[in-house]
Amino acid sequence: MYLIEVYVTNASLNVNRPFTYIYDQLIEKYCRVRVLFNRSENTAIVSRCTYTDKNEGELKEELGYAPLKIVEVIDEEPVMSDELFNLAIWLAKTTVSPLIACLNSMLPKALKTSRNLSGPKMVSRFHKNEGDFKLTKRQREVYEELYEGIEAAAARKISVSIIRKLIEAGAISEYEEEAVFVNSAIDQRSFKKLTADQERAYEQIINTNKMVSLLFGVTGSGKTEVYLHLARHYLEEGKDVLILVPEISLTPQMIERVKERFSDVVFYHSELSDQERYEQYKRVKDKEVRIVVGTRSAIFLPFSSLGLIIIDEEHDSSYKQDNVPCYHVKNVAFKRAIDHKAKVLLASATPSLESYTRALKGDYQLLELKERINHSFPQIEVIDLNRHLRNNESYIISKPLKNELEKCLNENKQAIILLNRRGYSPIVRCSECGSTLMCNDCDTPLNYHKDEGILKCHQCGKIYRIPDRCPKCGHKPLLFYGFGTKKAEEELQRLFPHASIERMDRDSVGRKGSHQVILKRFENHETDILIGTQMIAKGLDYPDVTLVGILNADAGLMHQDYNSAKVTFDLLMQASGRSGRADHDGKVLIQAFNPDHYVIKAVLLQDYNYFYNIEMNYRNKTSYPPYSHIIEIVLSDGDPSRVRSSADSLYDSLKDLPFKIYRPYELGKVKKLLRYRILIMGKDLLAMLKNTHEAIDAYIAKRNMSRVKIDVDPLYLE
Ligand code: ADP
Ligand code: ZN
C-alpha cells in the first residue's frame, strides 16, 4: 500500500499543510487526484508518495486516525515539475499565502481535462476544389481569400456561415492532418537592422555576467526591437524566451510584430478561454514552442530551459497580483532565472524607483536608450486650467486643446485623449443639502452612467436607479459633478461633429476581444480621435498620431497614497510617448489644476531623473519604499465588532516585533465588509516575513476570526 500526501484544493481552507491518504498503487508526485475531504469530494495535488507494508489497521494505530482511500487518480502524468512545485513553496513563503493558493494560481484552470488529451494532435484544413460553383458575390470573395491548405479554424474566423455554404457548394473540402510544429521558425528577413545604440544594449545584455539588466529607454527608442533580436539569439541557442507585457498592451500591433519574426509563438493572456490556456500550457510543457509573449501568469508556464525573461514596462502595476497570493512577477522571474541560469531584462521608460536604484548601485546592469528612433520628441505644453476656467471656457476641452485638435483633424492626423476616469459624472450631489449619493455596500460615491441611465458603484459594480429626489432630504433636483470619459466623448463630438470618435475604457470593452477591435479601427485610421482611460496610454505605436491631450492630468495626485506621484508620472510619460512617433512632429497638451507640481514639471521636461531625485528624497524622509519594505495586512468582515477584535488581537501579537507596526486603521467598507489595516514596515524583509508567518499561523489556528489578506510590498495601500 502507498501513503499519499496531498494538498487539497478548497478556497475556504485555511490550513496550510498536506493531508495523508492511502492508495493501492503508486501515484506520481504532482498528479491530481480526487479525495474525500470534510465529507465532500475535492481535487488535490499529490506532493509525496511512499510505500508502506503496514495494513490499514496498523496505519490507523500509527496515525491516530484511519486514512481514507484516494477516490480517483485524475492525471496520467504530473501536471508540474519539481521546479514549479518548489517555486510554489517559495511563493507561499514570500507572499505569506497558503501553498494551495499558490499552486492554484500557477496552474491553468482547465488542467482538469488533461486526461483526454494524449495522442497526436490533428488539425483540420481546407482543400480548394476546382470547378464552376454557384456562389454569391460575398461567397466568391471569401473563396478567393482562402488559400490551399488553410487551417479550418482560421478560415472560419472569416465567417462560419459562408464557410459552411462553400462546403455545401463543393467549393472547398475539409481534411485532417497531423499537426506539425515547427520549432519556432524564425523569419530572418523581417528583422530591422539595429541602430548603434540598440546594438550596444543588445550586446551588453548578452555578454554581461549580471543576472539582471535594466533597459531604461525613452518611449519610441526601439526597446521592443531589441527584445525581438534578443529573443532570436536565445532561441538560436536552443533556449526558451519569455516576453512579459502589461495586461492591456498585447495589442494586435504587438502580436503582429512578434508573429512576423517568429512563426510559432504562444500568446498567453487573460482573454484566452480555459481550454486555450490549457493547450498553450501543454505546448510549452511538450517543448513544441519556445517563445511566449504573455501577461503576468505566463511566468508560471512549464519552460524547460529558460534563457531570457523580458519584462516590458517593468514598473507597471498589472505585474502585481492583487488577490492571494499577492506576488510580483519580477520576484518570480528572478527566482526562475536563478533556477534556469537565465537572464532577466527589465525595461521601461519610467523604471520603478526600486529597479532604478538597484541599477545605479550596480546590482543590475544599467543600459540606456536616450534617443527616439525618429530623433524627434513631441513638443509638450501644460495648460493651467484655473486660468481657463475663469474665462468661462469649456472646462473639459480647453481652448488651446480645441485649437490643436482642429489643426490635427484638418491635417488628417489622429489624436489620443487620455482621461483616467470612466463613466459620465463621478459625483451625484443634492442641490439642497449637498449630500453625495453613495453605494449602500461600499463607502464609495456613485458614478452617473448616462448612456445606460443608471448610477454605478465603481468599487463593487452594483447598479442603482437614479432617484428622482435626494434620498436624504427629499429635495430635488440632483446635480452631476465632474466628468468621465463618456462625458468628454460627448463634448468632443459636440465640438467636432464630423470627426469619428471612439472611446476605450472598461465600459466600452466589456465584450471579449472588443479592445482589439477598437484598436484595429484606430490603426486603420477609421477613427480620428481615440479617447480613453489608462488603457490607451500604453504601448500603442501609430504613425499618424500627432496629438495627445491629457485631461485632468493631476487628478491622480489627489490620492493620499504614498505611490500616487509615481503612478501619475508614469501614466503621463507613457501617454505623451504616443505622440509623434514616426515622421510627423508630435504635440502633447496637458491640462492640469496644479501646473507647478513636480510631477507635471518632470513630464514637461521629459526628465525622469528630475522626478526621481525629488521623489526619492520624499521617500527617504517618510521611510517609504524603496527605503523600507511594507507588509500590509487587511482584515475584513461583515460583522464590525468581530473585525475590530480580530484586528486588535492580531496587532497584539505583532506589536512587540522590532519593526514599525502601525495600529489597526479603519478602511472604508467594500461590498458590505468592514475592513481594518495593519502595516508592518522595516528594512529586513526576511525577518518581517518570518515573524508575520508565525503571527498569521497562530491567528488562523484560532476560531471565529475575520478573513485576512496579506500583501507583501504592496504597490499602493488599501
Ligand atoms: P519602444 O518599445 O521603445 O517604445 P519601439 O520598439 O516601439 O519603441 O520602436 C519605435 C518605432 O521605431 C517602431 O515603429 C519601430 O518599428 C521603429 N524601430 C525600432 N527600431 C528600429 C530600427 N532599428 N530601425 C528602424 N525602425 C525601428
Ligand atoms: Zn459598491
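For every chain, the first residue of the written sequence is number 1, and numbering continues from 1 along that sequence. Labels follow written order: the first chain is A, the first ligand is 1, and so on. Side-chain atom pairs in this predicted model are given and counted only at pLDDT of 80 or more, local residue features only at pLDDT of at least 70, and totals for whole chains, interfaces and linings cover all residues. To obtain the side-chain values, all non-hydrogen atoms of the structure were included, while hydrogens and water were left out.

Q: Pulling in residues and values, what's your account of the coordination of the zinc ion (ligand 2)?
A: The protein atoms that coordinate the zinc ion (ligand 2) are Cys439 (SG), Cys442 (SG), Cys457 (SG) and Cys460 (SG), at distances of 2.3 to 2.4 Å. Only N, O and S atoms count as donors, using a 2.8 Å cut-off from the metal and 3.2 Å for Na, K and Ca, and because water is excluded some sites may appear unfinished. All geometry calls rest on donor angles, where a four-donor set with angles between 85 and 135 degrees is tetrahedral, four- and six-donor sets with opposite donors more than 155 degrees apart and all others between 65 and 115 are square planar and octahedral, and all else is irregular. Given four donor atoms and angles of 104 to 114° at the metal, the environment of the zinc ion (ligand 2) is assigned as tetrahedral. Counting the intervening residues between successive donors of the zinc ion (ligand 2) yields the motif C-x2-C-x14-C-x2-C. One end of the pair, Cys439, is in the loop between strand E17 (427-430) and strand E18 (447-449); the other, Cys457, is in the loop between strand E19 (454-456) and strand E20 (463-464), and 18 residues separate them in sequence. The burial state of Cys439 is the same as that of Cys457; both residues are buried. Going along the chain from the N terminus, every DSSP run of H or I of four or more residues is numbered as a helix, and every run of E of two or more is numbered as a strand. We call a residue buried when its accessible area falls under 20% of the maximum for its residue type, exposed when it is over 50%, and partly exposed in between, using a 1.4 Å probe and counting protein chains only.

Q: Account for the pairing of strand E9 (residues 240-244), with residues named and values stated.
A: Of all five residues making up E9, five are buried, and the element is well covered by its neighbours. Across the two faces of E9 the burial is the same, with Asp240, Leu242 and Leu244 and Val241 and Ile243 all buried. When DSSP locates at least two bridges between a pair of strands, those strands are taken to pair. Bridge count between E9 and strand E12 (residues 306-311): five bridges; the pairing is parallel. Bridging from a neighbouring strand, Leu244 pairs with Ile311 of E12. Pairing of E9 with strand E11 (residues 291-294) involves four bridges; the strand directions are parallel. What sits directly across from Ile243, in E11, is Val293.

Q: Can you tell me about the packing of helix H17 (residues 564-576) against helix H19 (residues 608-622), naming the residues and giving the values?
A: H19 packs onto H17 with a crossing angle of 170° between their chain directions and a minimal axis gap of 11 Å. Classified by the angle between their axes, H17 and H19 sit roughly antiparallel to one another. Of the residues in H19, those touching H17 at Ala565, Lys566 and Phe569 are Tyr608, Phe611, Glu615 and Arg619. Three classes are used: nonpolar for Ala, Val, Leu, Ile, Met, Phe, Trp, Tyr, Cys and Pro, charged for Asp, Glu, Lys and Arg, and polar for all others, with Gly counted as polar. A breakdown of the residues in the contact of H17 with H19 according to their chemical character gives four nonpolar, no polar and three charged. Between the N-to-C directions of two axes lies an angle of 0 to 180 degrees, each axis being a line fitted to C-alpha atoms and, for a helix, fitted only over the stretch in contact. By definition in this entry, angles of less than 35 degrees are roughly parallel, angles greater than 145 are roughly antiparallel, angles of 65 to 115 are roughly perpendicular, and the rest are oblique. Contacts are assigned to residue pairs that have any heavy atoms within 4.5 Å of one another.

Q: Any chance you could break down the site of ligand 1 for me, citing the residues and the numbers?
A: Throughout, near means a residue has at least one heavy atom within 4 Å of the molecule or strand. Taken together, 17 residues lie around ligand 1, and Lys193, Gln198, Gly220, Thr224 and Asp541 are the ones closest in. Lys193 places a polar main-chain atom, nitrogen or oxygen, 2.8 Å from a nitrogen atom of ligand 1. Note that an oxygen atom of ligand 1 is positioned 3.2 Å from one of the backbone N or O atoms of Ser221. For every accessible area listed, the method is Shrake-Rupley and the probe measures 1.4 Å; residues are considered covered only by the protein chains on display. Protein coverage of the free-state accessible area of ligand 1, which is 560 Å², stands at 80%. Sort the elements by how many residues they give to the shell around ligand 1 and helix H8 (residues 223-236) lands first, with three residues. Residue composition of the shell around ligand 1, by class: three nonpolar, seven polar and seven charged. As used in this structure description, the phrase polar contact means that two N or O atoms lie within 3.5 Å; if the pair is within protein, one of them must be able to donate a hydrogen and the other to accept it, and residues adjacent in sequence are counted only when both atoms belong to side chains.

Q: Could you give me a rundown of helix H14 (residues 399-410), with the residues and numbers involved?
A: It helps to recall that an α-helix has 3.6 residues per turn; residues three or four apart then point in one direction. Residue count minus one, scaled by 1.5 Å, sets the expected span of a helix. With 12 residues, H14 should reach 16 Å at 1.5 Å per residue; the first-to-last C-alpha distance of 16 Å fits that figure. Restricting attention to buried positions, one finds in H14 the residues Leu401, Glu404, Leu405, Cys408 and Leu409. Taken down its axis, H14 places every buried residue within 135° of arc, on the same side. Those residues of H14 that are buried are in contact with strand E15 (379-384), strand E16 (414-418), helix H15 (485-495), strand E23 (529-532), strand E24 (545-550) and strand E25 (587-592). In the stretch just after H14, Asn412 is the one whose phi turns positive, near 60°. Relevant arc is that of directions from the helix axis to the C-beta atoms, nothing else.

Q: Now, about the nonpolar core: what can you tell me, with residues and values included?
A: Buried Ala, Val, Leu, Ile, Met, Phe, Trp, Tyr and Cys residues form a nonpolar core when they are joined through side-chain atoms within 4.5 Å. Counting 88 residues, the largest nonpolar core has Met80, Leu103, Leu242, Leu244, Val292, Ile299 and Ile550 as the members making the most contacts within it. Residues within four places of Leu242 in sequence aside, it is in contact with Val292, Ala298, Ile299, Phe303, Leu306, Leu308, Ile309 and Ile310. Counting residues in each nonpolar core, the second largest holds 32 residues, with Tyr227, Leu230, Val245 and Val258 among its members.

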